[in-house]
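Here are the chains, one letter per residue:
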Amino acid sequence: MLAGRHVVLAVSGGVAAFKAAYLARRLLEAGAEVRAVMTHSSQNFLGAQSMAAITGIEPISDLFHQADVSPHTSLARWADVIVVAPATAATMARMANGLSEDIVSATVLAATCPVVVAPAMHTEMWEHPATQRNVETLRADGYVIVGPTSGALAGGDVGEGRMVEPEDIVTAISGALGDRSMAGWRVVVSAGGTREAIDPVRYIGNRSSGKMGNAVAIAAADAGAAVTLVTTVAAPKHPSIEVIEVESAQEMADAVWKTAAGADVAVLAAAVADFRPADPAVGKLRRAEGPPQVNLEPTPDILAGVSAMEDRPYLVGFAAEVGSVDAAVAKATRKGLDLLVANDVARPGSGFGTETNEVTIVTPGGDTEAWELLSKAEVGRRLIAEIAKRRNEAGRT
Ligand code: PMT
C-alpha cells in the first residue's frame, strides 16, 4: 500500500514530536518516500538533524527556503498524502481556519491530497470547545483525524490528548491513501448503550461509551461508504455519516430496521438491553412509597430482525463475553450472522469505555481469528477492510 508513495511528514511543536522520528522510520520501512517539514517550535523536541539522518533529506523549516522559491506548494504537489504528527492545538487551529503562517500550515493549505492529522496536546486543550470546533471543521473538510488517546502527557500529566502510536498513524495513512473498498455502499452502524425507562428520570442502562461503534462508522465512511449511525451517545462529525439519535432498544430497533432495509452492510456494535421495564411509571417513583416492583419484559432482538429481512445486508454483530469466546461461537451460528466480533469485556483494555479492544472474529462456521490488543480506531479499520473483502468474496451485490 505504501510502497513508492510520497509522504510529507509535517511536524509541529509538541513533546510527541520525538515520535515523528519513529513514524518516519516506519514509513520508510513500509517502502514510502518521506520528506519532512518541521516548524521551528517542533525542533525544541526533535532536532532537524535527527530527522535528516532518518529520512536522508534535510527537513524544510522555513517558507522562504533557499533552494526552492515555494517549498510548500512544491511539496504539496509532490505528496500523495500529508501527515501532521504531532498536530498541536495551535497547528490545528491554523489548519481549520486556512492560515498559512508556517511551513506546516502552508503546506497543508496548498494540498489537494489526503491529509491525516494526529492531535497531541494536554487534556484541557483537547477538550476545550475551540479545539473541538476545529476538529469538527477539519473532519468536515475531509481530513482524517487519528486519535488522540489517553496516557502519559508532558510534565507528568496523564489523560486524553496523547498522540497515538506511529503504527496506528501508518494504518490511518494507508487507509487515507487507498481503502475505498466501500465506495458506493450504504452501511448502517449501531453504537452506544440503550436506556430503558423505569420512570421519567431513571433507567436501566449499561457502560457502553459508543467508542467502538463510532470507530466502525468512521472507518466505513473513510472507506467510501454512506454511513447511517444509529446511536445513543455523541457521534463523530463526518461528511459521510448521517446520525440518528435514539435512546431505548425499541427506538434503536425501529431506526436500524428502517435503514438496514436495502443497505449493503449492517454492523451492530451497540450494547442493547435484553429486558426493559414492562410498565414504566408515568410519574417519578418516590422513596417514601418504598422499593418499587419492576417487572421486566424482553426487548426486540434487533439482529434477528435484520437477519430475517428479505435481501438482508451483510450482517455483523458484536458479542460482549466474559472469559472464553465459546458462547460467541454458538451465538454466531444461532443468530444468522455473516460475522461476529467477540470481545472479552473483563480483560484490561478491552470492552466498555476503553480506548483499545482485543477482539476475536468469529464466522458462523465456527472459525475464529484472534486479533491483538489494538486501538478501537484500528479495530474499526481492520474490521471494515475484513467485511469488504468477505462480502466481495461472497459475491454479494
Ligand atoms: O461502546 P464501547 O464503550 O466502545 O464498548 C464497546 C462494546 C463492548 C459495547 C462493543 O464492543 C460490544 O461488545 N457490543 C455488543 C454488546 C452486546 O450487547 O453484546 P450481546 O452479546 O449482549 O449482544 C450480541 C449482539 O446482539 C450485539 O450485536 C447487539 O447489538 C445485538 N443485540 C442485543 C440485544 C438486542 N435486544 N438486540 C440486538 O440486536
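Residues numbered from 1 in each chain as written. Predicted model: local features only at pLDDT ≥ 70, side-chain atom pairs only at ≥ 80, totals over all residues. Heavy atoms only, no water.

A count of helices and strands for the chain gives 13 helices and 21 strands. Oriented by its inertia axes, the alpha-carbon framework of the chain measures out at about 75 × 55 × 35 Å. For the chain, with 397 residues in total, the buried portion stands at 51%. In the chain, once contacts between residues fewer than 6 apart in sequence are set aside, the share between residues at least 24 apart is 65%. Each charge class in the chain was averaged separately, 34 positive and 46 negative side chains, and the resulting centres sit 2 Å apart. (Helix = DSSP H or I, 4+ residues; strand = E, 2+ residues; numbered from the N terminus. Buried < 20%, exposed > 50% of the residue type's maximum accessible area, 1.4 Å probe, protein only. Contact = heavy atoms within 4.5 Å. Lys, Arg positive; Asp, Glu negative; His and termini not counted. Charge placed at Lys NZ, Arg CZ, Asp CG, Glu CD.)

As a rule of thumb, soluble globular proteins bury nonpolar side chains together. Judged by nonpolar contacts, the single largest core of 35 residues is most densely connected at M182, V187, V227, V267, L383 and I387. Mapped onto this core, the elements with two or more residues apiece are strand 8 (186–191), helix 9 (211–222), strand 11 (226–231), strand 13 (265–268), strand 16 (314–321), strand 17 (339–344), strand 19 (359–362) and helix 13 (376–393). Once you skip the residues sitting within four places of it in the chain, V187 turns out to touch M182, A220, A225, A226, V227, T228 and V265. Counting residues in hydrophobic clusters, the runner-up holds 33 residues, among them L23, V34, L46 and V116. (Core = buried A, V, L, I, M, F, W, Y, C linked by side-chain atoms within 4.5 Å.)

Taken together, 29 residues are adjacent to the ligand, and S208, S209, K331, N343 and G353 come closest. A distance of 2.8 Å is found between an oxygen atom of the ligand and a backbone nitrogen or oxygen belonging to G210. Contact distances for the ligand include 2.9 Å between a nitrogen atom and a backbone N or O atom of P300. In isolation the ligand has 780 Å² of accessible area, and contact with the protein removes 95% of it. Where the shell around the ligand is concerned, the elements lending two or more residues are helix 9, helix 11 (302–307) and strand 16. Tallying contributions element by element places strand 16 first for the shell around the ligand, with four residues. Of the residues belonging to the shell around the ligand, the class tally is 14 nonpolar, nine polar and six charged. (Near = heavy atom within 4 Å. Polar contact = N/O pair within 3.5 Å; in protein donor to acceptor, adjacent residues only side chain to side chain. Areas by Shrake-Rupley, 256 points an atom, 1.4 Å probe, with all protein chains shown as cover. Nonpolar A, V, L, I, M, F, W, Y, C, P; charged D, E, K, R; others polar.)

Moving on to the side chain of D264. Along the chain, D264 falls in the loop between helix 10 (249–260) and strand 13. For D264, a relative accessible area of 17% gives the class buried. Setting aside its immediate chain neighbours within four residues, D264 contacts G184, W185, R186, P313, Y314 and R391.

Attention now moves to the packing of aromatic side chains. Per the stated rule, a full pass over the model turns up zero aromatic pairs. Its guanidinium or amino end placed over the ring of W371, R382 lies 5.8 Å from that ring's centre, counting from NZ or CZ. Above the face of the W185 ring, R391 is positioned so that its terminal group lies 4.4 Å from the ring centre. (Phe/Tyr/Trp six-rings, centres within 6.5 Å; stacked < 30°, edge-to-face > 60°. Lys NZ or Arg CZ within 6 Å of the ring centre and 35° of its normal.)

With that out of the way, let us pick up the environment of S350. Note on placement: S350 falls in the loop between strand 17 and strand 18 (356–357). The spacing of S350 and L373 is 23 residues in sequence and 7.7 Å in space, taken between C-alpha atoms.

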